[in-house]
Structure formats: C-alpha cells, structure tokens
Number of protein chains: 2
Amino acid sequence: MELYSNYTQYLVAVDCIVFGYDIIEKELKLLLIKRSFEPMKGSWSLAGGFVEEMESLDDAASRILRTLTGLERIYLKQSFTYGEKERDPGARVISTAYCALIALRDINKEPAVNSEAHWRSIAGLPDLIFDHSLMVNKALSDLQNQIKAKPVGFELLPEKFTLVQMQELYAAIYQKQIDKRNFRKKILSMGILEKLDEKERETSKKGAYYYKFNKERYEKLEQNGFYFNLDVS
Amino acid sequence: MELYSNYTQYLVAVDCIVFGYDIIEKELKLLLIKRSFEPMKGSWSLAGGFVEEMESLDDAASRILRTLTGLERIYLKQSFTYGEKERDPGARVISTAYCALIALRDINKEPAVNSEAHWRSIAGLPDLIFDHSLMVNKALSDLQNQIKAKPVGFELLPEKFTLVQMQELYAAIYQKQIDKRNFRKKILSMGILEKLDEKERETSKKGAYYYKFNKERYEKLEQNGFYFNLDVS
DNA sequence: CCAAAAGTGTTCGAATTACACCCATGA
DNA sequence: TCATGGGTGTAATTCGAACACTTTTGG
C-alpha cells in the first residue's frame, strides 16, 4: 500500500558543477557538456542526470560525476535545489546542484572524460541551458566564501604543491593579487602543511619546496576550536 | 508530449524549520507539529507538506508557513535537500528544508497558530520523525554561522529592541556570555542602528533606549564593500 | 655571470580583548 | 534611599597590511 496518495510526483535530477583548477594556466575551469538530447540539444549544459530508484541524491551525484570524469573519491558537496515551475521546458523537474572540486594537472590527461565534455575557463563562459548559469554563479560565490574558512582549496591542488602554486590558486579564485610574505606567514602559522624534502624544478632554477596538506593534523586542531582562516590581502 | 520518459518520479516535499526567539524567556525556540497522519502519527515533526503543481519550492515553503503560523513576509531561506532512499518509510520523498526566523513577543499571542503546533525550547528538543533532527541540527549550525556575518539577527527581534535585548539574543544563540561594552561598541560602530527617543521601561526603572535596524543604510554600506561582522567575545 | 623565481622580517596602525564604576529611577 | 539594571572608557595586546632585498642555480 502506498501512503501519501493524491500528491503529484515529479522528476528529480542532479546537476554537477565541476570546478577544476588548472595549475599550469593558473585558472579555474568549469566542466561543460554539449547536450545530446532534446530539449536544447546541442547547447552547453552542466553535467546532469535523473535520480534513480536505488540511489540517494548524493549517490546520484557521485554516479554522474564518475560517468563523466571517471573520478571517484573527490570532494562533492550539495549546493542548492532549484525548483521553479518552468525551469525545464521539457517537464517539471526539481534539480539539486552539487559542486565538485578537481585538481587538473594536465587537462588532456584527465581520465576518461566523455568526449562531449569540455573544460572552459570561468572567465568567459558561454550561455548555459535553463537555470544552469544561476547554479554556476551561486556555486562560485559559495566557493569563494568557503575557501576562506575551510581547507577546501587543497581539493583543487595536487597532493604535492608549492606555496607559490597555492597562492596562485587563491589569487585566481579571489581575482586579486596576494602578498607573498603575508600569505606564507599565515598559511604556515596554521601548522597544517607538511614540508617535503622534494623540490618542484620545472618553473624555476632554484626550485620550490613541495608541501602537502596534513588532514589529520587539521582535524585535530579543528576539534580543539581552531578555525581555518585565509582572508588575504 | 512528455519528454524524459522512462524516469521515475518522486514525491517532493518541503519542511520548515521555524526558529522563534522569545525575548522574554531569552531563548531560541523551534516550532514543532504533532503529526496528524500516518506513518508516525502522533510524533513530533517539523512543519512540512508536499509541493503542489502550481507552485515553486519557495512558494510551497511560504504557503506551508502561512498555513501554520498565519505569517507572511518573514525571513525564509532554503537550507538543504534530503534525499536518502529510506528517509520516509511511507514512500520515497525528496524533501527540501527551509529555515524561517520569527520574533516571538508573546507566544500565546502569535497569530493563528495551528493548535497542533507548539514552540519548544532548542535546549531539550524531543525526538523528531525521520531525519528531522538532522535538519534542525544543520539549520541551527548554519544559523550560528550566518548570524555572525549577516544581519539576520534582526529577523528574530521585534522592530524596536534595546541593545541589551540584542545582546541577549546573541548570547542565547552562541550559548556564551558576551561583554556588554565590547558588544555595544562593535554594533554601534557599524552605523546601521537608529536610536529612538523611546525607552523600554518594563525591565528596569532607568529604562533602556530602543533602537531599530536601518536596512537602507546597511544595504548602502554593503554595496561599498562593508561587511557585517559580529564575532563577539 | 646573470636572469628568474624562491624565500625571508620588520614596522605601523587598527582591531580586539579585558576590565569596573557611575547613572537614573521607581518603589 | 537603595536596589536594579543601563550605560560608559581606557590600556594592553594581538592581528593584519605594507613593504624590498637576498638566495639559489641552470643556462
């Protein structure tokens, strides 16, 4: 027996806002798909799909991301749910947006990306279908706020990164210049980075030391009332 | 013709987390409903309902709130969407939680509250149905974060309030004592409060001046890069 | 040896904290 | 007149911002 009869049911979808940071071009990018079905076939769209019966919303987001990028265990977070009546002209669809963060070392080497998927620089995005531009704007503004107060920036960087690279990431997201000395002082004083013996030698002769994020240390500090804070000049 | 055939549809609901600040008892309260239908009839629940065909999610939240409290034009904000497979044993329901803030002057005078609705102190809530306790915890933690950085606290206070009352609100939400002089200095220095000539004379012989929030002034400041910040000792 | 990028400290002003007494008034 | 809650200032410290030179090394 089914309870709650007499209420209308709707299609429920998930749309993934996949941000990738390109450490080479020092640019934040967004994964877009050329839509392969009607309505709006051929237009740019976020990676989305409908929620299936045997999965939760979170599961659906993971599945769609895996299908599109081949990646698993990546940072994935619910953003916002869009439920305007006419948002999708094909049918009434309620869609929950998820935000994913990926470190792009070399875009062409990204595993198994669907050929209809393309990385586009955040600066100068094309028009997107439905309310997808809205979704992106909200997610980006949330990312800008979140990256100040939570260590999510590390999700956009490779395992090993230099302080220069980390600073470039913050500069790209905030769209402003950052003072090198103040930035280093601040991030190092938090005590959540581990300096490695290895140096990155591709961009300079002197070479820059690699660091990695010490997640265990961060979590221990957080429990003791420590707040990550990286509001920078 | 219907596009997107072959995908399962689901019930879509809205649950309202209605916080009310009781200026007399100096306590944050939550509006709970004794559920009147199966499953879980008789248990405590948030104010919820299903989304109807002619309304958006936001519209549904407003409608449910109006039906339950008789109030309109109150602060209402989407919180989070809950979509676990088995979250509602009656059927698969995807539910978007909304958070509302209300100033309670005198609970018994609140307009037209459904007789199955009750205000309960945040300290010592009963068990709630489904994942409603989760919803409340998340919304409360978001409120604690938000009230530091946005002037949402004023939604929990009456139009006219004293600085003592405002401080008591912050103390109730942060669950800690706040230094009177530092608090007053900080909030007054923002320049977004308007001092009235009138005094509140019920709680003291001397009387405390009423203030009100100057929203226009706040919005002008915000456009010029001003940030509301009320992290207090 | 030199160009190019990495790395490093100090000073100054602003903001935050801690803290204790006087004021006004109704009963 | 006195008990009650409202209202006020200052000193010490911490934090954030601005700022320029030295180091390393491959070519």
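Since we're looking at a predicted model, the values are computed, not measured.

Engineer: Quick question: what am I supposed to make of a positive patch on the surface here?
Structural biologist: Residue and element names in this part refer to chain A. On the surface, K180, R181, R184, K185, K195 and K206 cluster together to form a positively charged patch. Element by element, the count of residues in the positive patch is highest for helix 4 (residues 180–189), at four residues. Relative to the helices and strands, K206 resides in the loop between strand 9 (193–200) and strand 10 (208–213).

Engineer: Mind showing me how you'd approach the sheet that holds strand 9 (residues 193–200) of chain B here?
Structural biologist: Pairing between sheet strands relies on hydrogen bonds along the backbone, with the strands arranged either parallel or antiparallel. All names here are of chain B. With antiparallel pairing, three strands are arranged side by side in an open sheet as 8-10-9. Every interior strand has two partners, whereas the edge strands, strand 8 (161–162) and strand 9, have only one. Sheet topology note: the strand 8/strand 10 (residues 208–213) ladder contains two bridges and is antiparallel. Looking at the pairing, T162 lines up with Y210 of strand 10.

Engineer: Sorry, what's going on with the side chain of R35(A) here?
Structural biologist: Inspection of the secondary structure assignment puts R35(A) in the loop between strand 2 (27–34) and strand 3 (44–45). Notably, R35(A) is buried but unbridged: the nearest opposite-charge side chain belongs to D88(A), and the N-O separation is 4.8 Å. In terms of polar contacts, R35(A) uses its side chain to reach the backbone carbonyl oxygen of F37(A), at 3.4 Å. A polar contact is formed between the side chain of R35(A) and the backbone oxygen of P39(A), at a distance of 2.7 Å. Beyond its immediate stretch of four places on either side in the chain, R35(A) contacts M40(A), K41(A), G42(A), S43(A), S45(A), I129(A), F130(A) and Y4(B).

Engineer: Sorry, what's going on with the environment of D15(A) here?
Structural biologist: Residues and elements named next belong to chain A. Position of D15 relative to the elements: it lies in strand 1 (residues 9–22). According to the relative accessible area criterion, D15 is buried, its value standing at 7%. Considered as a pair, D15 and S45 are 30 residues apart in the sequence and their alpha carbons are 9.1 Å apart. Discounting residues that sit within four places of it in the chain, D15 has contacts with L46, A47, G48, R87, S95, T96, A97, Y98, H132 and M135. Here S95 takes part through its side chain, which lies 2.6 Å from a polar atom of the side chain of D15.

Engineer: I'm lost on helix 1 (residues 57–69) of chain B in this one. Help?
Structural biologist: Structural remark: α-helix, 3.6 residues per turn; residues separated by three or four positions point the same way. Along its 13 residues, helix 1 of chain B runs 18 Å from first to last C-alpha, staying within 8% of the 18 Å computed at 1.5 Å per residue. By the burial criterion, the buried members of helix 1 of chain B are L57(B), A60(B), A61(B), R63(B), I64(B), L65(B), L68(B) and T69(B). Packed against the buried residues of helix 1 of chain B are strand 5 (75–82) of chain A together with strand 1 (9–22), strand 2 (27–34), strand 4 (47–50), strand 5 (75–82) and strand 6 (93–104) of chain B.

Engineer: Even after reading the chapter, I still don't get the packing of aromatic side chains, so can you show me in this structure?
Structural biologist: Each aromatic ring pair is specified by the distance between its two centres and by the angle formed by the two planes. Across all of its chains, the model carries 19 aromatic pairs over all chains by this definition. In this structure an aromatic cluster arises from ring pairing among F154(A), F161(A), F213(A), Y218(A), F226(A) and F228(A). One Lys or Arg, K160(B), reaches over the ring of Y210(B) and ends 5.0 Å from the middle of that ring. Over the ring of Y209(B) we find K199(B); its NZ or CZ atom is 4.8 Å from the centre of that ring.

Engineer: Is there a simple way to think about the relation of the copies chain B and chain A in this case?
Structural biologist: The operation linking the two copies of the chain is a rotation about an axis combined with a translation along the axis. Mapping chain B onto chain A calls for a screw motion: a turn of 180° about the axis and a shift of 0.1 Å along it, with 0.1 Å RMSD after fitting. Here the symmetry operator amounts to a two-fold rotation axis. Looking at chain B, 100% of its interface residues are interface residues in chain A too, so the copies touch through the same face.

Engineer: Any chance you could explain the protein's contact with DNA strand D here in plain terms?
Structural biologist: The environment of DNA strand D is made up of 19 residues, and the closest members are N182(A), K206(A), K180(B), R184(B) and K206(B). In DNA strand D, the atoms that sit within 4 Å of the protein are 39% sugar and phosphate, with bases accounting for the remainder. In this structure, a base nitrogen belonging to DNA strand D sits 3.2 Å away from a side-chain N or O atom of R181(A). Here K206(B) contributes a side-chain N or O atom positioned 3.3 Å from a base nitrogen of DNA strand D. Of all the elements in the fold, those that place two or more residues in the surface near DNA strand D are helix 4 of chain A together with helix 4 (180–189) and strand 10 of chain B. Tallied by class, the residues present in the surface near DNA strand D amount to three nonpolar, five polar and 11 charged.

Engineer: Hey, could you run me through the protein's contact with DNA strand C in this one?
Structural biologist: Taken together, 19 residues sit near DNA strand C, with K180(A), R181(A), R184(A), Y209(A) and K205(B) positioned nearest. Taking the atoms of DNA strand C that fall within 4 Å of the protein, sugar and phosphate contribute 41% of them. A distance of 3.0 Å is found between a phosphate oxygen of DNA strand C and a backbone nitrogen or oxygen belonging to Y209(A). K206(B) is positioned with one of its side-chain polar atoms (N or O) 3.3 Å from a base oxygen of DNA strand C. Those elements giving two or more residues to the surface near DNA strand C turn out to be helix 4 and strand 10 of chain A together with helix 4 of chain B. Looking at the surface near DNA strand C residue by residue, the classes come out as three nonpolar, five polar and 11 charged.

Reading guide: rules and limits
Residue positions are counted from 1 within each chain, in the order its sequence is given. Each chain takes a letter, starting from A, and each ligand takes a number, starting from 1, following the order in which they are written. Where local features are concerned, this predicted model is filtered to residues with pLDDT of at least 70; where side-chain atom pairs are given and counted, the filter is 80 or more; whole-chain, interface and lining totals use all residues. The side-chain numbers reported here are obtained from all heavy atoms of the structure, hydrogens and water having been left aside. Residues enter patches when their relative accessible area tops 30% and they take part in no salt bridge; the joining distance is 9 Å for like charges and 5 Å for the nonpolar side chains Val, Leu, Ile, Met, Phe, Trp and Tyr. Residue-level accessible areas treat just the shown protein chains as cover; the underlying method is Shrake-Rupley with a 1.4 Å probe. Criterion for a salt bridge: a side-chain nitrogen of Lys or Arg within 4 Å of a carboxyl oxygen of Asp or Glu. Counted charges follow a simple rule, with Lys and Arg positive, Asp and Glu negative, and His plus the chain ends left uncounted. In plain terms, the charge of a residue is placed at NZ if it is Lys, CZ if Arg, CG if Asp and CD if Glu. The secondary structure listing takes helices from DSSP runs of H or I that are at least 4 residues long and strands from runs of E that are at least 2 residues long, numbered from the N terminus. Here a strand pair is declared whenever DSSP counts at least two bridges between the two strands. Whether a residue is buried, partly exposed or exposed follows from its accessible area with a 1.4 Å probe, protein chains only, as a fraction of its type maximum: under 20%, in between, or over 50%, in that order. Side-chain atoms alone can form a polar contact between residues adjacent in sequence; in general such a contact is a pair of N or O atoms within 3.5 Å, and within protein one must be able to donate a hydrogen while the other accepts it. Only heavy atoms matter for contacts: two residues are in contact if any of them lie within 4.5 Å across the pair. For a helix, the expected span equals 1.5 Å multiplied by the residue count minus one. The pairing test for Phe, Tyr and Trp rings, Trp by its six-membered ring, is centres within 6.5 Å, and the orientation test on the planes gives stacked under 30 degrees, edge-to-face over 60, and tilted for anything in between. Criterion for a charge above a ring: Lys NZ or Arg CZ within 6 Å of the ring centre, and within 35 degrees of the ring normal. C-alpha atoms of residues with pLDDT of at least 70 in both copies form the basis for the least-squares superposition of the copies. Nearness is judged by heavy atoms alone; a residue qualifies as near a molecule or strand once a single heavy atom is within 4 Å of it. Ten residue types, Ala, Val, Leu, Ile, Met, Phe, Trp, Tyr, Cys and Pro, are classed as nonpolar, four, Asp, Glu, Lys and Arg, as charged, and the remainder, Gly among them, as polar.

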